[in-house]
Number of protein chains: 2
Amino acid sequence: MVFENIRIVLVNTKHAGNIGSAARAMKTMGLSSLCLVDPAAEFPAEQATVLASGAADILEMAEVTKTLKQAVEDCVFVVGVSARIRGVSLPVYTPADSAEQILKEATVNKVALIFGREDRGLTNEELRLCHQQVFIPAVDTFKSLNLAASVQILAYELRKIALQKDKRQLVPVKDKQQPMATSGQMEYFYEHLHNMLDSAGFFIHSNPEKIMAKIRKIYGKARPDQDEINILRGILTAMQIKSGQE
Amino acid sequence: MVFENIRIVLVNTKHAGNIGSAARAMKTMGLSSLCLVDPAAEFPAEQATVLASGAADILEMAEVTKTLKQAVEDCVFVVGVSARIRGVSLPVYTPADSAEQILKEATVNKVALIFGREDRGLTNEELRLCHQQVFIPAVDTFKSLNLAASVQILAYELRKIALQKDKRQLVPVKDKQQPMATSGQMEYFYEHLHNMLDSAGFFIHSNPEKIMAKIRKIYGKARPDQDEINILRGILTAMQIKSGQE
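Please read all numbers here as calculations on a predicted model, not as lab measurements.

All names here are of chain A. The residue after Phe43, namely Pro44, is reached through a cis peptide bond having omega 0 degrees. Mapping Pro44 onto the fold places it in the loop between β2 (33–37) and α2 (46–52). Unlike most non-glycine residues, Ser53 shows phi in positive territory, near 55 degrees. When you line up the elements, Ser53 lands in the loop between α2 and α3 (56–61). One non-glycine residue, Arg223, adopts positive backbone phi at about 45 degrees. With a relative accessible area of 15%, Arg223 lands in the buried category.

It is worth spelling out the pattern of salt bridges at this point. One pass over the structure, following the stated rule, counts 19 salt bridges over all chains. A salt bridge links B:Lys214 to A:Asp227, with the nearest nitrogen and oxygen atoms 3.0 Å apart. Placement of the pair is B:Lys214 in helix α9 (residues 208–222) and A:Asp227 in helix α10 (residues 226–242), with the two residues belonging to separate chains. For A:Asp227, a relative accessible area of 26% gives the class partly exposed.

Time to look at the side chain of B:Thr28. With respect to the helices and strands, the residue B:Thr28 is situated in helix α1 (residues 16–28). The exposure class of B:Thr28 is buried, given its relative accessible area of 0%. Polar contacts involving the side chain of B:Thr28 include one to the main-chain carbonyl oxygen of B:Ala25, which spans 2.7 Å. Excluding residues within four positions of it along the chain, B:Thr28 makes contact with A:Ala138, A:Val139, A:Phe142, A:Ser144, A:Leu145, B:Gln152 and B:Arg159.

This brings us to the interface of chain B and chain A. Across the contact, 57 residues belong to chain B and 60 residues belong to chain A. Overall, the association of chain B and chain A removes approximately 5200 Å² of surface from exposure, summing both partners, and the carbon and sulfur fraction of that is 68%. A per-residue breakdown of the area chain B buries against chain A is headed by B:Phe142, B:Tyr156 and B:Ile218, which together make up 13% of the total. At the junction of chain B with chain A, the criterion picks out five salt bridges. Between B:Glu228 and A:Lys221 there is a salt bridge, with its nearest N and O atoms 2.8 Å apart. Linking chain B to chain A there are 19 residue pairs in polar contact (both at pLDDT 80 or more). Residue assignment for the side of chain B that touches chain A shows that the elements contributing at least two residues are α1, α5 (95–106), α7 (147–165), α8 (183–199), α9 and α10 (226–242) of chain B. Of the residues forming the side of chain B that touches chain A, the biggest block, nine residues, is contributed by α10(B).

Residues and elements named next belong to chain A. Strand order in the open sheet made by the seven strands is β3-β2-β1-β6-β4-β7-β5, with parallel pairing throughout. Taken across any chain shown, the strands that pair with only one partner, and hence form the sheet edges, are β3 (63–65) and β5 (92–93). Relative to strand β6 (residues 111–115), strand β4 (residues 77–81) is paired through five bridges, and the arrangement is parallel. In the strand pairing of β6, Phe77 is matched with Val111. This element, helix α5 (residues 95–106), spans β1 (6–11), β4, β5, β6 and β7 (132–134) of the sheet and lies at about 155 degrees to β4.

Turning next to the sheet that holds strand β6 (residues 111–115) of chain B. Residues and elements named next belong to chain B. Here seven strands make up an open sheet; going across it, the order is β3-β2-β1-β6-β4-β7-β5 and the pairing parallel. Every other strand in the sheet has two partners, leaving β3 (63–65) and β5 (92–93) as the edge strands with one partner each. With three bridges connecting them, strand β4 (residues 77–81) and strand β7 (residues 132–134) associate as parallel partners. Looking at β7, one finds that Val79 is bridged to Gln132. The sheet strands contacting α7 are β1 (6–11), β4, β6 and β7, and the helix crosses β6 at an angle near 150 degrees.

All names here are of chain A. When you tally the buried positions in β1, you get six out of six residues, the bulk of the element. Alternating positions in β1 separate into two faces, Ile6, Ile8 and Leu10 on one and Arg7, Val9 and Val11 on the other, with burial throughout. Two strands pair when backbone bridges link them, and β1 and β2 are joined in this way by five bridges, in the parallel orientation. The partner of Val11 across the bridge, within β2, is Val37. Considered for its hand, the β-α-β crossover made up of β1, helix α1 (residues 16–28) and β2 is right-handed.

The next thing to look at is the nonpolar core. Formed by 101 residues in total, the largest nonpolar core has its most connected members in A:Leu10, A:Leu34, B:Leu10 and B:Leu34. In this structure A:Leu10 touches A:Ile19, A:Ala22, A:Leu34, A:Cys35, A:Leu36, A:Val37, A:Phe115, A:Leu147 and A:Val151, once residues within four positions along its chain are discounted. Judged by nonpolar contacts, the second largest core, of 44 residues, contains A:Ile218, A:Ile229, B:Ile218 and B:Ala238.

At their nearest, the axes of α10(A) and α9(B) sit 10 Å apart, and the two run at 105 degrees to each other. Relative to α9(B), α10(A) is oriented roughly perpendicular. From α10(A), A:Asp227, A:Glu228, A:Ile231, A:Leu232 and A:Ile235 reach across to α9(B), where they touch B:Lys214, B:Ile215, B:Lys217, B:Ile218, B:Tyr219 and B:Lys221.

Reading the values: rules and limits
Throughout, a residue's number is its position along its own chain's written sequence, starting from 1. Working convention: letters from A go to chains and numbers from 1 go to ligands, in the order in which they are written. Local features in this predicted model are restricted to residues of pLDDT 70 or higher, and side-chain atom pairs are both shown and tallied only at a pLDDT of 80 or more, whereas totals for entire chains, interfaces and linings draw on every residue. Each side-chain value is worked out from all heavy atoms of the structure, with water and hydrogens disregarded. A helix here means a DSSP run of H or I that spans at least four residues, while a strand means a run of E at least two residues long, and both kinds are numbered starting from the N terminus. Exposed residues in this analysis have more than 50% of their type's maximum accessible area, buried residues have under 20%, and partly exposed residues fall in between, with area computed by a 1.4 Å probe over protein chains only. Put simply, a salt bridge is a Lys or Arg side-chain nitrogen that is within 4 Å of an Asp or Glu carboxyl oxygen. We define a polar contact as two N or O atoms separated by no more than 3.5 Å, with the added condition that, inside protein, one atom must be a possible hydrogen donor and the other a possible acceptor, whereas residues neighbouring each other in sequence contribute only through side-chain atom pairs. Two residues qualify as a contact provided that any one of their heavy atoms is within 4.5 Å of a heavy atom in the partner residue. Take the accessible area each of two parts loses on contact, using a 1.4 Å probe, and add the two losses: that sum is the buried area. Whether two strands pair comes down to DSSP finding at least two bridges between them. To obtain an axis, a line is fitted to C-alpha atoms, over the contacting stretch when the element is a helix, and the angle between two such axes runs from 0 to 180 degrees between their N-to-C directions. Assignment of crossover handedness uses the view with strands pointing away from the viewer, where a clockwise path from the first strand over the helix to the second indicates a right-handed crossover. In this description, a nonpolar core means a group of buried Ala, Val, Leu, Ile, Met, Phe, Trp, Tyr and Cys residues linked to one another through side-chain atoms lying within 4.5 Å. An angle below 35 degrees is treated as roughly parallel, one above 145 as roughly antiparallel, one from 65 to 115 as roughly perpendicular, and anything else as oblique.

In structure tokens, the structure reads:
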């Protein structure tokens, strides 16, 4: 049940074989939900099925979306796996620490775990959709982990911690009844806020992207629930009417 | 130094590509010593080199032996990775527990970590050469881990524990340590927001106190720092100017 809530998302994968190997890695550890964002490789493909070995069922059930936004729209917790620490000021965790949080979230909500392109990983824009970043501790001189190998490590940590937790009780992360805001709702809010700020001249002396990244971080920490995102959007609407933007 | 004492031994590997992928998995985690026991695949092979990606140096330095006995002759601690629990009464450990022991041994001695055939793993005779067995916790219904994926998991655990031991812990990357917003600053922000919302008619159909309590909760979760509270207040000011309240 918890594992069904964890979606593995592969962005723009170049080699069909890697998609198959990733599916196999997932299945060995009990994961089954796979989403492919705009695969660069042809899919479905024979090479994927061959390398999936006994995990072809995961490929058959895999969803394909055009954008990452669509792939994570219904998720309340989004984690990006990236070897690079870049300009996006996301909190960075080890695979084990992140797996712990993913499992907690997945007791009640849908969670996405995102893996980038073979050669270039995730873009800053893609990382901005994430609540946190996972850094697999490869050596500095050779960080080139194979895509399926990265999936295997995260899947392994998830299963390892789930097995440990089975002994304790998996306590749902929120005891309040309100479901959390989805990634899609948060994006809508950010877009709304961005447009308001833009028309208020807020970005005139500064870089809108940088400011919006900081704003995302603030609300990313707050992690609003349904009730709260409605209030936040209500505030924007009220201000908009007041200022005659409506 | 410790890692140089850890030899990865692949027994009777059938696919050259798996040898290459295993080398790549090793190198990402800082391992370099590879020994191939009677490879069923032709070796060296182009497919191995291609899949090794940037880890061809490990293939070039790899030793090839006829028997497993020869491969582990100079080792004082020998560990076999096997998905099967069979008639050999070896102590069985998790990857993490075994990695801990391997690292301890490898500070002074040569250690071998053995991976069996893609299809049939290690024979009982081969397991008898081992001091202990590692069991990767795959799900019961699909234990079919790819060879390189198994190498990746063990290599990852070795590096993870080595990093912990070094006290060179992976420090989650934190942004520059901004001091947190003070209570006074937060109150000022809430007051500002309250006045704006009031004059925008936001409270007409609802209880202002209740709404403000909810808003406090959202920003209370976010715990803004100095930089962030300035952005939040800047947003209010921009909206206020825009709506002509100023």
